[in-house]
Amino acid sequence: MRQYLLSGMLACMSLSTFAQHVLTDQSLQKYVTAFNAADEEAVKNYVPNAQSQAWLSQNIPYFDSPDSVLTQLYYYRWWAFRKHLKQTPDGFIFTEFITPVKHAGKHNAISSALGHHVYEGRWLRNPQYIDEYISFWLYVDPRHTVQRFHSFSSWLADAVYQRYLVNRDESFVRKITPALAADYRRWESERQLPNQLFWQHDVKDAMEESISGGRKVKNVRPTINSYMYGNAKALAALGQLLKNDTLRETYLQKALQLKQLTQQTLWNEGDQFFEVKLENGTFANAREAIGFIPWYFNLPDDSPKYAAAWKQLGDTTGFQAPWGLTTAERRHPGFRTHGSGHGCEWDGPLWPFATTQTLKALSHFLTDYQHNKTVSRAQFFDELRRYADSHVMNGKLYLGEYQDEKNGEWLKGDDPRSKFYNHSGFADLIINDLIGLKPRSDDTLEIKPLLEEKRWDWFCLDRVPYHGKTLTILWDKTGKKYGKGKGFRVWADGKEVYHGKQLKAIQTRL
């Protein structure tokens, strides 16, 4: 504990002694004051509302843009994420539901959105919270008679490695890599078929009452196979980092095999989409948002064949609906038929969990693929903006479980368990995707904005912890907004490391 407290103190010292910050605490204070005033604070965890501004100022990157909705939601999601931070005798964890639920494990912990939590939390300045949360699932949960980690599919190893690329804490990943590899082997023993693909119940994907699945059927799904591909790639990368050739080669081969099998088996040529295979070996013949998940991990080949799937994103008979992106294609006869409308269902309604996955997959498709003309950067922005717009109930900010695709009604209503539902991500989509900070293992700083230059005349992402430094990423078309000069500029610990006239993809040395 002392080590973590010291690292947190050093982080705060680094923050306070940094020569200049573009964004001050005044904007954060404005938002936090408003959020606190509107909240009855029925549950208080480690950081109560009264201390939320101080905690946020010490831990999160600051963001400023001409889009008041995106900026407000950026801070709201960090403020809500903080509500779920819980200190336990087993270390810090992040909860999913703000109130206790029966299907949770010890300390009300649930693993279904663990990957989202780690992706979001990798940008926190103090590493203690996410370190201990990861360790809880790898070391504490297995000691229980009734274990909860494998109650849901997980892309934890992938998230751990992506977090390592932000903080480069080699000692932490070195310590936990054996447990991550052991967990992968456990998934193989529990869910791998003789053909080497993985099966899963839809409820264990946290996606119950889907068109293609069921709570008891053992279907081969794009979800778990994509997750395991991402986990295998991460373990191979960790093997390379730790100079463990056996680990690297073992998991590189597993990743290559899963990539090949997923493309061969789960790509429905007729529908031009990755789809569920039923137990009898036939396709479910339903396009669902889970068919975009392979791009979350850059699994599909870069070819026009697979790129065709993204045509469905903007199709109003596909996934495009007035309030956001649906979890199943709207043209399907089974759309919105598997639930009452007020019990959990993944047959079409909007789920922030799925929206986060789809937007991350879309970001990778636009950034890392050449055959990507089926969608545009403008579509990414528009969908991110609609996702932000969806955080409302009765005219007030709200984050719940899932929504009607036509009018945005939260289908659980104002259920106490659903408030501040920590089952998705948002800040990471701003930092990593819209602004485009792409973490790497080397000392090259890479930024690939999905934001088009014509969209905004200015923005600033400030106080970003990265590779032991503090970054400021700024775009000011005229130089009048921030008074730091015209153009696209980046500072590391107050030293300018890049200056260009255009808002575009860059690489520079830290």
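Note that the structure is predicted; figures quoted are calculated from it, not measured.

Here is what the cut-offs are and how they apply
- Residues numbered from 1 in each chain as written.
- Predicted model: local features only at pLDDT ≥ 70, side-chain atom pairs only at ≥ 80, totals over all residues.
- Heavy atoms only, no water.
- Helix = DSSP H or I, 4+ residues; strand = E, 2+ residues; numbered from the N terminus.
- Rg over C-alpha atoms; globule rule 2.2 N^0.38 Å.
- Buried < 20%, exposed > 50% of the residue type's maximum accessible area, 1.4 Å probe, protein only.
- Contact = heavy atoms within 4.5 Å.
- Core = buried A, V, L, I, M, F, W, Y, C linked by side-chain atoms within 4.5 Å.
- pLDDT = per-residue confidence, 0-100.
- Axes fitted to C-alpha atoms, helices over the stretch in contact; angles between N-to-C directions.
- Parallel < 35°, antiparallel > 145°, perpendicular 65-115°, else oblique.
- Left-handed = near helix turned anticlockwise from the far one by under 90°.
- Pairing = 2+ DSSP bridges.
- Nonpolar A, V, L, I, M, F, W, Y, C, P; charged D, E, K, R; others polar.
- 1 Å grid on protein atoms, 1.4 Å probe; cavity = no way out; pocket = protein on both sides within 12 Å on 5 of 7 lines; lining within 4 Å.
- Points joined across faces, edges and corners; volume = space filled by probe spheres on them.
- Phe/Tyr/Trp six-rings, centres within 6.5 Å; stacked < 30°, edge-to-face > 60°.

S.K.: Explanation requested: the overall build of the chain in the structure shown.
M.R.: Each helix and strand counted, the chain has 14 helices and 18 strands in total. In terms of overall dimensions, the chain is globule-like: its C-alpha atoms have a radius of gyration of 22 Å, near the 24 Å expected for 510 residues. Dimensions of the chain, computed from C-alpha atoms along their principal axes, come out at roughly 65 × 45 × 45 Å. For the chain, the proportion of its 510 residues judged to be buried stands at 63%. Considering only contacts within the chain whose residues lie at least 6 apart along the sequence, 64% involve residues at least 24 apart.

S.K.: Honestly, the nonpolar core in this entry has me stumped. Any pointers?
M.R.: Taken as a class, soluble globular proteins show a tendency for nonpolar side chains to be buried jointly. Ranked by size, the top nonpolar core spans 159 residues in total, and within it Tyr74 and Leu384 carry the most contacts. Broken down by element, the residue count for this core peaks at 11 residues, all from helix 9 (residues 222–241). In this structure Leu384 touches Leu70, Leu359, Phe426, Leu429, Ile430 and Leu434, once residues within four positions along its chain are discounted.

S.K.: Is there a simple way to think about the confidence of the model for the chain in this case?
M.R.: Averaged over all residues, the pLDDT of the chain equals 95, while 96% of them reach at least 70. Per-element averaging of pLDDT across the chain places helix 1 (residues 2–17) at the bottom with 44 and helix 14 (residues 427–434) at the top with 99. In this model, residues 1–18 is a region of pLDDT below 50 whose contacts with residues beyond four sequence positions or in other chains number 23 contacts.

S.K.: What's the story with the packing of helix 2 (residues 25–37) against helix 3 (residues 49–59) in this structure? I'm lost.
M.R.: Each packed pair of helices is defined by two parameters, the angle between the axes and the distance between the axes. Where helix 2 contacts helix 3, the two axes come as close as 10 Å, and the packing angle between them is 155°. As the angle between them shows, helix 2 and helix 3 are arranged roughly antiparallel. Of the two possible hands of crossing, helix 2 and helix 3 adopt the one that is right-handed. Note on element contacts: helix 3 touches helix 2 through Asn49, Ser52, Gln53, Leu56 and Ser57, opposite Asp25, Leu28, Gln29, Val32 and Asn36.

S.K.: Please explain the sheet that holds strand 18 (residues 506–509) as it appears in this structure.
M.R.: Through backbone hydrogen bonds, the strands of a sheet pair up, either in parallel or in antiparallel fashion. Within the open sheet, the three strands sit side by side as 12-13-18. Their pairing is antiparallel. Strands with a single pairing partner mark the edges of an open sheet, and in this sheet they are strand 12 (437–438) and strand 18. Bridge analysis of strand 13 (residues 444–447) against strand 18 gives four bridges, and the strand direction is antiparallel. Across the sheet, the residue bridging to Leu445 is Thr508, located in strand 18.

S.K.: So what exactly am I meant to see when it comes to the sheet that holds strand 1 (residues 62–64) here?
M.R.: The five strands are arranged 1-14-15-16-17 in an open sheet whose pairing can be described as antiparallel. Two strands close off the open sheet at either side, each with one partner strand: strand 1 and strand 17 (495–500). Mean inter-strand twist for the sheet, computed between neighbouring axes without regard to direction, equals 10°. As paired elements, strand 16 (residues 487–492) and strand 17 share five bridges and run antiparallel to each other. Residue pairing for strand 17: Phe488 is matched across the bridge by Gly500.

S.K.: Could you clarify how one ought to interpret the environment of Thr246 in this entry?
M.R.: Here Thr246 is to be found in helix 10 (residues 245–266). Using a relative accessible area of 59% as the deciding quantity, one classes Thr246 as exposed.

S.K.: What's the story with the packing of helix 6 (residues 128–140) against helix 8 (residues 170–191) in this structure? I'm lost.
M.R.: Relative orientation of the contacting elements helix 6 and helix 8 amounts to 25°, with a least axis distance of 10 Å. The pairing of helix 6 with helix 8 is recorded here as roughly parallel in orientation. Two packed elements cross with a definite hand, and for helix 6 against helix 8 that hand is left-handed. Touching Asp131, Ile134, Ser135, Leu138 and Tyr139 of helix 6 are Phe172, Lys175, Ile176, Ala179 and Leu180, all from helix 8. Class assignment of the residues belonging to the contact of helix 6 with helix 8 gives a composition of seven nonpolar, one polar and two charged.

S.K.: Would you explain empty space enclosed by the protein in this entry?
M.R.: Empty space among the atoms becomes visible once a probe the size of a water molecule is rolled across them. Per the stated rule, a full pass over the model turns up six cavities of 30 Å³ or more. The volume enclosed by the largest cavity comes to roughly 90 Å³. Lining the largest cavity, in full, are Trp323, Gly324, Leu325, Leu350, Trp351, Pro352, Thr355, Glu383, Arg386, Tyr387, Ser390 and Gln403. Every element with two or more residues in the lining of the largest cavity is listed here: strand 9 (324–325), helix 12 (352–368) and helix 13 (377–389). For the lining of the largest cavity, the per-class residue count stands at six nonpolar, four polar and two charged.

S.K.: What am I meant to see in helix 5 (residues 114–121) here?
M.R.: Given 3.6 residues per turn, any residue in an α-helix points the same way as the ones three and four places further on. Burial runs high along helix 5: eight of the eight residues are buried. Along helix 5, the positions that sit buried rather than exposed are Leu114, Gly115, His116, His117, Val118, Tyr119, Glu120 and Gly121.

S.K.: Help me understand the packing of aromatic side chains, please; the structure alone is not making it clear to me.
M.R.: Applying the stated criterion to the full structure yields 51 aromatic pairs. On the basis of an interplanar angle of 45° and a centroid distance of 6.4 Å, the ring pair of Phe63 and Trp456 is categorised as tilted. Of this pair, Phe63 sits in strand 1 while Trp456 sits in the loop between strand 13 and strand 14 (458–466), placing them 393 residues apart in sequence. Accessibility classification places Phe63 together with Trp456 in one group, the buried group.

S.K.: What's the story with the environment of Ala37 in this structure? I'm lost.
M.R.: With respect to the element layout, Ala37 can be found in helix 2. Distance in space between the C-alpha atoms of Ala37 and Trp137 is 35 Å, their sequence separation being 100 residues.

S.K.: Please clarify how the pairing of strand 14 should be interpreted in this entry.
M.R.: In summary, the side chains of a regular strand alternate between the two faces of the sheet. Burial runs high along strand 14: nine of the nine residues are buried. Where strand 1 and strand 14 come together, three bridges link them in antiparallel fashion. In the sheet register, Asp64 faces strand 14, and the bridge partner there is Cys460. Here strand 14 pairs with strand 15 (residues 469–476) via seven bridges, running antiparallel. Across the sheet, the residue bridging to Val464 is Leu471, located in strand 15. A loop of two residues connects strand 14 with strand 15, the two strands running antiparallel in sequence, and His467 in this loop sits at a positive phi of about 50°.

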